[in-house]
Amino acid sequence: NTVCVQPTGGQIVGFNTDVYGIAQSVREAGDLSTPSAMILGARATASSALAACVELGAKEHLTIAARNHGGPGSAVAAASRMDLSPSLVKLTDNLVGALPGTGLLISTLPAGVADDLADRIDEAAPDLSGLTVLDVIYHPWPSRLVEATRARGARIVPGWAMLLHQAVSQVRLFTNRTPNFDVMAEALHKALAE
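Small disclaimer: the values here were computed from a predicted structure and weren't measured.

Caption draft 1: A look at the pairing of strand 2 (residues 12-15). Judged from the four bridges that link them, strand 1 (residues 2-5) and strand 2 form a sheet pairing that is antiparallel. Counterpart to valine 3 in the pairing with strand 2 is glycine 14. Counting the residues in the hairpin turn of strand 1 and strand 2 gives six residues, including glycine 9, whose phi is positive at 95 degrees.

Given below as structure tokens:
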């Protein structure tokens, strides 16, 4: 998601700051209760989420829940390249039953797509106090998934935190300098408030 021209030689190089953004925002929330993760979605951001899970130490017990797991840009293909073997389930499966034993839930789904899962969480009312939830959606905020999991005790990582850490990484790549995180965070919070 970031392309830079290298200062020596002019070579054009592509970087992925999603992985850093996801991993760093989850790290800020604290340690995972258990090294396992479920990713909702199976496209580009889900692929980055898989790589972030590896960085976070949750690579042995991974699940990808999606409407469709195949096709171009599939997280399943990315998992194969990373030598990972995630379980593949459908979004319509009984995901609620697996959440209490999961350390991290990352939703990479578009706004509204996880609402059905949120409704099922509300109905089942599981104890999710050991779960960390990152929903990459930042508008509308909070998402229905965030509301449902927070009400059951989950620790929430907002999607804008991922964007902030991505931006820090991008500024570092573009300028070869470490930006002032606090200034960037303040600007983001101001923009979100507006």
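Caption draft 2: Main features of the side chain of threonine 149. Looking at the element boundaries, threonine 149 is found in helix 5 (residues 144-151). Owing to a relative accessible area of 0%, threonine 149 belongs among the buried residues under this scheme. Here leucine 145 takes part through its backbone oxygen, which lies 2.9 Å from a polar atom of the side chain of threonine 149. Those residues in contact with threonine 149 that sit more than four places away from it in its chain are Ile121, Leu128, Val133, Ala154 and Ile156.

Caption draft 3: The sheet that holds strand 8 (residues 155-158), seen in detail. Ordered in space as 5-4-3-6-7-8, the six strands form an open sheet in which the pairing is parallel. Pairing within the sheet leaves two strands with one partner each, and these edge strands are strand 5 (87-90) and strand 8. Each strand axis lies, on average, 20 degrees off the axis of its neighbour in the sheet, ignoring direction. Helix 2 (residues 44-55) rests against strand 3 (36-40), strand 4 (61-66) and strand 6 (104-107) of the sheet, and its axis sits at about 170 degrees to strand 3. Packing of helix 6 (residues 159-175) onto the sheet brings it into contact with strand 7 (132-135) and strand 8, and relative to strand 8 it is tilted by some 50 degrees.

Caption draft 4: Up close: unusual backbone geometry. Of note, the amide linkage connecting histidine 139 to proline 140 takes the cis form, showing an omega dihedral of 0 degrees. Here the bond from tryptophan 141 into proline 142 is cis, since omega is -5 degrees, no more than 30 degrees from zero. Along the chain, proline 142 falls in the loop between strand 7 and helix 5. Positive phi, normally seen in glycine, also occurs at aspartate 83, with a value near 60 degrees.

Caption draft 5: Main features of the pattern of salt bridges. Evaluated as defined, the whole model comprises six salt bridges. Note that glutamate 147 is salt-bridged to arginine 144, the shortest N-O span being 3.7 Å. With glutamate 147 and arginine 144 both in helix 5, this residue pair falls three residues apart, about one helical turn. Look at arginine 144 and you get partly exposed, because its relative accessible area is 25%. In the salt-bridge network here, residues are joined through shared partners; they are Asp119, Asp122, Arg144, Glu147 and Arg152.

Parameters and conventions
Residues numbered from 1 in each chain as written. Predicted model: local features only at pLDDT ≥ 70, side-chain atom pairs only at ≥ 80, totals over all residues. Heavy atoms only, no water. Pairing = 2+ DSSP bridges. Helix = DSSP H or I, 4+ residues; strand = E, 2+ residues; numbered from the N terminus. Buried < 20%, exposed > 50% of the residue type's maximum accessible area, 1.4 Å probe, protein only. Polar contact = N/O pair within 3.5 Å; in protein donor to acceptor, adjacent residues only side chain to side chain. Contact = heavy atoms within 4.5 Å. Axes fitted to C-alpha atoms, helices over the stretch in contact; angles between N-to-C directions. Salt bridge = Lys/Arg side-chain N within 4 Å of Asp/Glu carboxyl O.

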